[in-house]
Amino acid sequence: MDFYSLSTVLLVILITCLLAKYTRMMLEKAKLPPGPTPLPIIGTLYKMNLNNVVRSLMELHKTFGDIFTIYEGNRPCVVLCGYKAIKETLIDKAEEFSGRGYFPLFYDYSKGDDLVFSNGEKWKELRHFTHLTLTNFGMGKRSIEERIKEEAEHLIELLKKTNGSPTDPKLHIHYSVCNLICSVMFGKRFDYQDEEFQNLIHWLQDSFRIMSNPWGLMYNAYPWFMKYIPGPHKQLMKNYTFITDLIRKRVENNIKSLDSNNPRDYIDCFLIKMKKEEKNSATYYHHNTLVMSIMMVLFGGTEAVSNTLIFIFLLLIKHPNVAEKVYKEIDNVIGHRPPNYEDRLKMPYTEAFIHEVQRFADVAPLSLPHELTKDTQIRNYTFRKGTVFLTLLTSVHYDKTQFNNPTNFHPNNFLGEDGKFKKNNALMAFSAGKRICPGLSLALMEMFLFFTTMLQNFTIKSLVSPEDISIDPVGVGLAHIPPNYEFCLLPRSYSEE
Ligand code: HEM
């Protein structure tokens, strides 16, 4: 056969295969909720604005309603929108929705050998262990409160050095938040000048930036193709390797100095468990699982809390009338002594403000994908085990049936008529159901204590007038990344003169 005939035959085979695959996909599509028509190879990519996928999904929500289907290549993904649909699934069918869907941006590195991207019994065991260990080390209790207070003092000392000159708070906030999670994982906090620590912050921040830009999103949707294309997404795997090398070094140090009767940190607790299960061939406790799980907790524990705090200060300078009320409450309830977490119970406005920032800033708009653990009936559809779901948390936080004028920033969303703090179940910044963020109580405590300590020490002055402050995120994807901005920090005593 000559070259021309061979090429023609190969082309016909290729087209036939593609057509067969496409026909199968369209037959499957008929059983799934509506959505834009997928095209061969690219799926529904043509409907996505890669600079703002969240906006594209919100547009599709308007067109197709609360449950619709998109395609990443030929992989269908069902999108859930609005409070009602997300409650009906993540909460009312919690067990069915407890699976984790494929998420190439992390999975391709950890291979699911970790707490966040594992499934089934392995996930249950690792989650239980992590929650228990973080609790023993004080998560939600006083000892972690002491650590946060100590870290907040270090943050104040660092910020005092800015001497009232214009400052971008991003890095300072990352230092404190990351250090806190390091103290729980590694048993010690780093000096802010430590080169290893500064590198760690850089790798974490850089990775989140890549994940929330078009390259990261393309990788997540089309990993089989993007693996062979050069671009910033290639840096991700390198960043993960740097981070895991650092963790491995810490683990080696702990192994050398381990005292089984006196665990110092998360690593020690895991090593003790590994020893106990040495003879169990089905154990989930392996060296690599430890390293990968710590990396995931460092990501979860640093980026989302830091980004929320950065938005907290941004929205504070954007709304001076709100800031005035928060300052007043801090002065009345706390005064000059260091803030305690229980002070929040007497500070409804500050509590409402922090919760409203969580709603409005919506730092994890797409949460992480869920996968069905068994065949499940939802409304008029029967979904097969393994179907992947995306929960669009933005559509809950901006759900008009749950919040008045959701596009406006309004702390009163979380205040009752009696002026008391009022919970709203439609705030799902930490998601809901069995996969709900296990760092929730730690994050809330950190945000309250870092925020109130900062305001107690400094008057925050914006460099521009409120109407000129942009609050638009600079990255939209896995995260809503806050924009860069500057403010001046004036020590409270001399600003009051
Ligand atoms: C404001 C701060 C935070 C926000 C907004 C946030 C948000 C989220 C969201 C939306 C998820 C996905 C839940 C789902 O799959 O449905 C998640 C999972 C997770 N977060 Fe957080 N998080 C925050 C802080 C933290 C902290 C401080 C830690 C560490 C102590 C942490 C560790 C994790 C882990 C390990 C998971 C995976 C849970 C699992 O798969 O079972 N997060 N978080």
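Our subject is the structure listed above.
A short tour of the structure in this document, coming up.

**Things to note about the coordination of the iron atom of the ligand**
Okay, so step 1: Counting protein donors to the iron atom of the ligand gives just one, Cys437 (SG), placed at 2.3 Å.
Okay, so step 2: In this fold, Cys437 is placed in the loop between helix H16 (393-397) and helix H17 (440-457).

**Some details on the site of the ligand**
Okay, so step 1: Taken together, 27 residues are adjacent to the ligand, and Arg100, Arg127, His370, Ser431 and Cys437 come closest.
Okay, so step 2: The pocket occupied by the ligand, as judged from atoms lying within 2 Å of grid points, is the largest cavity.
Okay, so step 3: Listed by contribution, the elements that provide at least two residues to the shell around the ligand are helix H5 (120-136), helix H13 (287-318) and H17.
Okay, so step 4: A per-element tally of the shell around the ligand places H13 first, with 6 residues.
Okay, so step 5: Partitioning the shell around the ligand into residue classes produces 16 nonpolar, 8 polar and 3 charged.

**Here we look at the pattern of salt bridges**
Pairing between side chains of opposite charge can happen when the charged atoms of each approach one another.
Okay, so step 1: Scanning the model with the defined rule gives 22 salt bridges in all.
Okay, so step 2: The shortest N-O distance in the salt bridge between Glu59 and Lys62 comes to 3.5 Å. Of the two residues, Glu59 and Lys62 both sit in helix H2 (residues 53-64), 3 residues apart, roughly one turn of that helix.
Okay, so step 3: Judged by its relative accessible area of 41%, Glu59 is partly exposed.
Okay, so step 4: Given the relative accessible area of 66%, Lys62 is considered exposed.
Okay, so step 5: Through salt bridges with shared partners, one network takes in Asp66, Lys84, Glu88 and Arg379.

**Brief notes about the pairing of strand S7 (residues 388-392)**
Okay, so step 1: Counting buried residues along S7, 5 of its 5 residues qualify, which places the element largely inside the surrounding structure.
Okay, so step 2: Side chains of S7 alternate between two faces, with Val388, Leu390 and Leu392 and Phe389 and Thr391 buried alike.
Okay, so step 3: Both strand S2 (residues 75-81) and S7 contribute to a ladder of 4 bridges, which runs parallel. Considered in S7, the bridge of Leu80 is made with Thr391.
Okay, so step 4: Where strand S4 (residues 370-371) lies against S7, 2 bridges are found, and the strand directions are antiparallel.

**Some words on the side chain of Thr89**
Okay, so step 1: Structurally, Thr89 can be placed in helix H3 (residues 82-91).
Okay, so step 2: Aside from chain neighbours lying at most four places away, what touches Thr89 is Leu80, Ala94, Phe97 and Ile378.

**Some thoughts on empty space enclosed by the protein**
Okay, so step 1: Taken as a whole and judged by the stated rule, the model has 2 cavities of 30 Å³ or more.
Okay, so step 2: The space that makes up the largest cavity amounts to roughly 890 Å³.
Okay, so step 3: Around the largest cavity sit 43 residues that line it, and Gly300, Ala304, Leu368, Cys437 and Pro438 are the ones nearest its centre.
Okay, so step 4: Only H5, H13 and H17 provide two or more residues apiece to the lining of the largest cavity.
Okay, so step 5: When residues in the lining of the largest cavity are grouped by element, the largest group, 10 residues, is from H13.

**Digging into the packing of helix H7 (residues 170-186) against H13**
Okay, so step 1: Contact pair H7 / H13: the axes reach a minimum separation of 9 Å and the direction vectors enclose 145 degrees. The handedness of the crossing between H7 and H13 is right-handed. Listed contacts from H13 to Lys170, Ile173, His174, Val177, Cys178, Ile181, Cys182, Met185 and Phe186 of H7 are Ile294, Val297, Leu298, Gly301, Thr302, Glu303, Val305, Ser306, Asn307, Leu309, Ile310 and Phe313.
Okay, so step 2: Considered class by class, the residues forming the contact of H7 with H13 number 14 nonpolar, 5 polar and 2 charged.

Quick notes on the rules
Residues numbered from 1 in each chain as written. Predicted model: local features only at pLDDT ≥ 70, side-chain atom pairs only at ≥ 80, totals over all residues. Heavy atoms only, no water. Donors = N, O, S within 2.8 Å, 3.2 Å for Na, K, Ca; no water. Helix = DSSP H or I, 4+ residues; strand = E, 2+ residues; numbered from the N terminus. Near = heavy atom within 4 Å. 1 Å grid on protein atoms, 1.4 Å probe; cavity = no way out; pocket = protein on both sides within 12 Å on 5 of 7 lines; lining within 4 Å. Sits in = over half its atoms within 2 Å of the grid points. Nonpolar A, V, L, I, M, F, W, Y, C, P; charged D, E, K, R; others polar. Salt bridge = Lys/Arg side-chain N within 4 Å of Asp/Glu carboxyl O. Buried < 20%, exposed > 50% of the residue type's maximum accessible area, 1.4 Å probe, protein only. Pairing = 2+ DSSP bridges. Contact = heavy atoms within 4.5 Å. Points joined across faces, edges and corners; volume = space filled by probe spheres on them. Axes fitted to C-alpha atoms, helices over the stretch in contact; angles between N-to-C directions. Left-handed = near helix turned anticlockwise from the far one by under 90°.

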